[in-house]
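Chain and residue survey
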Amino acid sequence: MLVSLIAAIVAAVFYGVASVMQAIAVRAASHREPEDVASGGVDPGLVVRMLHQWRFVASIGLDALGFLAQLFALQKLPLFVVQAFVASNLAVTAVVASWLIGVTLSWREWAAVIGVVAGVGLLGSTAGAEGAAQVGGVFKLALIVAVAGLAVVGMAAAKLNEPYRTTALGLVAGLGFGVLSIAARVLDGFAPLELARDPAAYAIAAAGIISFMFYATALEGGSVTVATAGVVLAETIPPAIIGVVFLGDQTRPGLAAVAWLGFFIAVASAVMLARFGEAHHDEDVALADAVAHRGANAGPAAAELLSWWPVDLQLFCALTNWALEDTAIPETTGVS
């Protein structure tokens, strides 16, 4: 049980770091002007261009590791526990964005981060054994139908105007990731032949593709915190309900109230963090743009590495030299 909880925490950390890296990569790969992004639609070449961004390639690796950790956790823990832990990646996203992009977090946002951590901590302490993972073929086919429906809804959401577009795309992507988690939970096995015959495996692949595409589209013109918040809410609550109703998930005896309290605190804190993030939506996007394009103008690989830092060290050095020159003691002719 403890190892599974650690795996869920690892998944949250990897997902959170990857979200910020993808936000920077999206801004660097976007060929559309802000007014074009605001007009809606999905850019089919966006992901292809993102493959030329080293941050995006690295983030894919982190997402893959996070998914493996999440898959491991799902083998021993109820869906509502794993999804709440994964939801805490929003707190990781906010903290990493404050360091990597330079987003300034207020005391309310730091309080929300602490709330997310406290909520998932309470929830993790109440985790019981997972319910029955075996479901019928109709349930798995319904997951594939749900993915197809989300694809249609996502295309419509991409045509909305801000501030609704980023939130809507995040919610659709989150529902897709929720379907992915449910499908991963009900897999019959991991042998190649079992995966080839299991509809849940195809639901995982389809949900992963469309969810990531809509999430990338949301990041192209929106705040990483707001987009990730939509993902967090949609990928947490519906799977938790489905796990309890259809898969028999439960808490340890006598701790149901504590579990629901922890779940409420974690999700409510995530909503608060998203609401605060909306207040500096334009700041998030502008800072991500600055970090994304800083490396392109830096030249050497060493300068690209420096662009990881929220403060441009080359600019800092220039400002320091200017300050020293400006504050230097002027030469004076002494009076004898």
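Report follows, based on the coordinates. This is a predicted model, so every value here is computed, not measured.

What follows deals with the overall build of the protein chain. When its secondary structure is counted, the protein chain shows 16 helices and zero strands. For the protein chain, buried positions account for 51% of its 336 residues.

This paragraph deals with a nonpolar patch on the surface. A grouping of Ile237, Ile241, Val244, Val245, Phe246 and Trp260 is seen on the molecular surface, where their side chains present a nonpolar patch of about 590 Å² in accessible area. Tallying contributions element by element places helix H12 (residues 224–246) first for the nonpolar patch, with five residues. By the secondary structure assignment, Ile241 is in helix H12.

What follows is about the packing of helix H4 (residues 54–74) against helix H9 (residues 164–185). Orientation of H4 relative to H9, taken along the N-to-C sense of each, is 50 degrees, at an axis distance of 9 Å. Classified by the interaxial angle, the pair formed by H4 and H9 is oblique. Crossing handedness for the pair H4 and H9: right-handed. Contact with H4, carried on its side by Phe67, Gln70, Leu71 and Leu74, involves Leu180, Ser181, Ala184 and Arg185 of H9 and no other residues of that element. Here the residues of the contact of H4 with H9 are counted per class, giving five nonpolar, two polar and one charged.

For the rest of this paragraph, the subject is the pattern of salt bridges. By the definition in use, this model includes three salt bridges. A salt bridge links Lys140 to Asp198, with the shortest nitrogen-to-oxygen separation between them at 3.0 Å. Placement of Lys140 in helix H8 (residues 137–157) and of Asp198 in the loop between helix H10 (192–197) and helix H11 (199–221) is noted, with a sequence separation of 58 residues between them. What makes Lys140 buried here is its relative accessible area of 3%. Linking Arg185 and Asp249 is a salt bridge whose minimum nitrogen-to-oxygen distance equals 2.9 Å. With Arg185 in helix H9 and Asp249 in the loop between H12 and helix H13 (256–279), this residue pair connects regions lying 64 residues apart in the sequence. In terms of burial, Arg185 and Asp249 fall into one category: buried. Connected via shared salt-bridge partners are Lys140, Asp188 and Asp198.

Procedures and definitions
- Residues numbered from 1 in each chain as written.
- Predicted model: local features only at pLDDT ≥ 70, side-chain atom pairs only at ≥ 80, totals over all residues.
- Heavy atoms only, no water.
- Helix = DSSP H or I, 4+ residues; strand = E, 2+ residues; numbered from the N terminus.
- Buried < 20%, exposed > 50% of the residue type's maximum accessible area, 1.4 Å probe, protein only.
- Patch = residues over 30% accessible without salt bridge, like charges linked within 9 Å, V, L, I, M, F, W, Y side chains within 5 Å.
- Areas by Shrake-Rupley, 256 points an atom, 1.4 Å probe, with all protein chains shown as cover.
- Salt bridge = Lys/Arg side-chain N within 4 Å of Asp/Glu carboxyl O.
- Axes fitted to C-alpha atoms, helices over the stretch in contact; angles between N-to-C directions.
- Parallel < 35°, antiparallel > 145°, perpendicular 65-115°, else oblique.
- Left-handed = near helix turned anticlockwise from the far one by under 90°.
- Contact = heavy atoms within 4.5 Å.
- Nonpolar A, V, L, I, M, F, W, Y, C, P; charged D, E, K, R; others polar.

Nothing here speaks to function; it is all geometry.
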